[in-house]
Amino acid sequence: MTPAPTLAPYASDPARSRGREFPMDTGLPRGQRSPYQRDRDRIVHSISFRRLRYKTQVFIAPDGDHYRVRLTHSLEVAQIARVIARILGLDEDLAEALALAHDIGHPPFGHAGEEALNAALHKAGGFDHNANCLRTLMRIESPYCEHDGLNLTWETLEGLAKHNGPVADPNWALAELDAAYGLELGTYASLEAQVAALSDDIAYDNHDIDDGLRAGFLDLDELLAHPFIVARWSEVERRYPHAPRDRQLSELIRSQIGFMVNDVLDETKKRLVGIESVGQVRSAGRQLVAFSPEVEEGERQFKRFMYEKLYYHPEQLETARRARALLAELYSAYSQEPVLMEESWIDGLPRHEPARSRHIADYIAGMTDRYAISCHAQIYGRTPEGLRNV
C-alpha cells in the first residue's frame, strides 16, 4: 500500500476503516490502494457516475457546450474538497470519493425530476435523491460477481447518508439500508463528509453565477451590487480596471471561492480545538466544518437572491413543470405496461407493491435527461416543447 500522508487525529484513517458490507475476495491483486482510494475508483468507474454527464445541474438538457451538468459540478466539488481536506489534515481520498458520489442519486431533470418521482411514489414511501444515492451505490449499481452494489467502505456510505447532519427520520430506502448495514444515522458524519457538503455549497454558489449570466437569467448590475459579492468585485475592478468584463467575472468567481474556502478553514480550525478523535467528531453535537457566522448569514442571503433570480426564474419554473409532466407520463406508461422498460428491468420486476412501484422509479431515476426525453418520445410519439431553455 502506498504510504499514507500524515493525518490529523480527528481524520478518518483508512487503516482503521470499519470495512465493507461484504468481505472482499483478495485472491486477485488489485494494486496498492487504500480502502478510500478504492472507493473513489469504484465510483469513477461506475455507470451511474458516467450518467451524470447528461443530468441537470441548473438547466435541463442544455444545448450549449459550456453549461455545467451534474458531472462537471461533482468534479468541481471534489477539487474544492481535496484542498480543504489537505489543509485540515484529513483523508483527501475519502473527501474526494464523497464529493464525486454525492449527486449520483439525482434523477433526470434535477429537483424537478425528484418532485415528480416523489409524487409518483406517494403511496410507496416517496422518493429522496440522497437516499437514492445510497440505494444506487449499495444495491442497484452491481458490476461485481460476489455481491450487489459497489461494496463501498462504511465511512463512505455513512458520509453520503448524513453529510448534512444526523438523519432523524430516514425514508424507506435509507431505513432499509441502515437496517442491513448500520450507518449510525443519529450521529454526525466524519469531517471528510462535512467538507464535501460545504464544498458543494461553495461550488454551486459560485459556478451557478457563471451559468446564470451566460444564460441571461441574472442581471449583472444587480448581481455585482449584492452585499455578498460587492467586496470581491470592488477588489477585482481595482486590480484589473482595463480587463475585459468576461475576464473580470472569471476573476470574481475565483476570488469568491478563495474567500469562502479561507473562511471555512479559519472557522473550522477554531471549532476543532480540543477534538482529538473521529469519535469526538461524531458526538460533537454540531457540524464542525462550517462558515463563520458572518459568512454563513451572507451566504444564506445570497442563496435567497439566486433562488429568486435564477432557480425560480419564471422560465425555469415553466421548464421544470414540463419536466415533471414528462416523468409523470413515463412513470404512468411503465406502470401500465412494464414491457416498455429495458429487458433486464422487466425480468427483475417485483410482483407486489410497494416493491413494484419502487422498481419502476429506480429505472426512471437512473435515466439521463436526454434518455428520458427519448423514451417519452418513443412511447407517446411526441416530445414536449420547451424542455430546453438554454
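All chains use their own residue numbering, which begins from 1 and follows the written sequence. Residue-level local features of this predicted model are given only where pLDDT is at least 70; pairs of side-chain atoms are given and counted only at 80 or more, and the full residue set underlies all totals for whole chains, interfaces and linings. The basis for every side-chain value is the complete set of non-hydrogen atoms in the structure, without hydrogens or water.

A. Main features of the environment of Tyr67. Runs of H or I in DSSP of at least four residues are treated as helices and runs of E of at least two as strands, each being numbered from the N terminus. Secondary-structure assignment places Tyr67 in the loop between helix H2 (47–51) and helix H3 (70–88). For the pair Tyr67 and Asp210, spaced 143 residues apart in the sequence, the C-alpha separation amounts to 8.6 Å. Residues in contact with Tyr67, not counting those within four places in the same chain, are Phe59, Pro62, Asp211, Arg214, Ala215 and Val390. Throughout, a residue-residue contact means that at least one pair of heavy atoms, one from each residue, lies within 4.5 Å.

B. Representation of the nonpolar core. Take the buried residues of types Ala, Val, Leu, Ile, Met, Phe, Trp, Tyr and Cys, join any two whose side-chain atoms come within 4.5 Å, and each joined set is a nonpolar core. The rule is simple: take the accessible area with a 1.4 Å probe, protein chains only, and divide by the maximum for that residue type; under 20% is buried, over 50% is exposed, in between is partly exposed. Membership of the largest hydrophobic core comes to 86 residues, with the highest contact counts inside it found for Ile84, Leu134, Leu183 and Ile202. With 10 residues, helix H9 (residues 191–215) is the largest single contributor of residues to this core. Ignoring any residue separated from it by four or fewer positions in sequence, one finds Ile202 in contact with Ile80, Ile84, Ile257, Met260, Val261, Val264 and Phe291. Counting 29 residues, the second-largest nonpolar core is a separate cluster that includes Ile60, Ala320, Ala323 and Ile364.

C. Spotlight on a nonpolar patch on the surface. On the surface, Tyr307, Tyr312 and Leu317 cluster together into a nonpolar patch covering about 310 Å² of accessible area. Among the secondary structure elements, Leu317 is positioned in helix H15 (residues 314–336). Put simply, a patch holds well-exposed residues, over 30% relative accessible area, that have no salt bridge, with like charges counted together within 9 Å and Val, Leu, Ile, Met, Phe, Trp or Tyr side chains within 5 Å. Note on areas: Shrake-Rupley, 1.4 Å probe, and residue coverage restricted to the protein chains presented here. Whenever Lys or Arg places a side-chain nitrogen within 4 Å of a carboxyl oxygen from Asp or Glu, that contact is recorded as a salt bridge.

D. Local environment of the packing of H9 against helix H14 (residues 293–311). What counts as an axis is a line fitted to C-alpha atoms, over the stretch in contact for a helix, and the angles between N-to-C directions run from 0 to 180 degrees. Contact geometry for H9 and H14: axes closest at 11 Å, N-to-C directions at 35°. Pair H9 / H14 crosses with left-handed handedness. Between H9, through Asp201, Tyr204, Asp205, Asp208, Ile209 and Gly212, and H14, the contact on the second element is made entirely by Glu299, Phe302, Lys303, Met306, Leu310 and Tyr311. Residue composition of the contact of H9 with H14, by class: six nonpolar, one polar and five charged. Should the near helix be turned anticlockwise from the far one by less than a right angle, the crossing is left-handed, and should it be turned clockwise, the crossing is right-handed. Residues are grouped as follows: Ala, Val, Leu, Ile, Met, Phe, Trp, Tyr, Cys and Pro are nonpolar; Asp, Glu, Lys and Arg are charged; every other residue, Gly included, is polar.

E. A look at the packing of aromatic side chains. Only centres within 6.5 Å qualify two rings of Phe, Tyr or Trp (six-membered ring in Trp) as a pair; their planes then separate them into stacked at under 30 degrees, edge-to-face at over 60, and tilted for everything else. Within this structure, the stated rule accounts for nine aromatic pairs. Plain terms: the ring middles of Phe59 and Tyr67 are 5.3 Å apart, the flat faces sit at 75° to each other, and that makes the pair edge-to-face. Taking the relative accessible area as the measure of exposure, Phe59 reaches 1% and is therefore buried. In this structure Tyr67 comes out as buried when scored by relative accessible area, which is 13%. Put simply, the rings of Phe228, Phe259, Phe302 and Phe305 touch in pairs and so form one group of aromatic residues. A ring has a charge above it when a Lys NZ or an Arg CZ is no more than 6 Å from the ring centre and no more than 35 degrees off the ring normal. Sitting over the face of the ring of Trp154, Arg18 holds its NZ or CZ atom 3.8 Å from the ring centroid. The cationic tip of Arg232 hangs over the ring face of Phe259; the distance from NZ or CZ to the ring centre is 3.6 Å.

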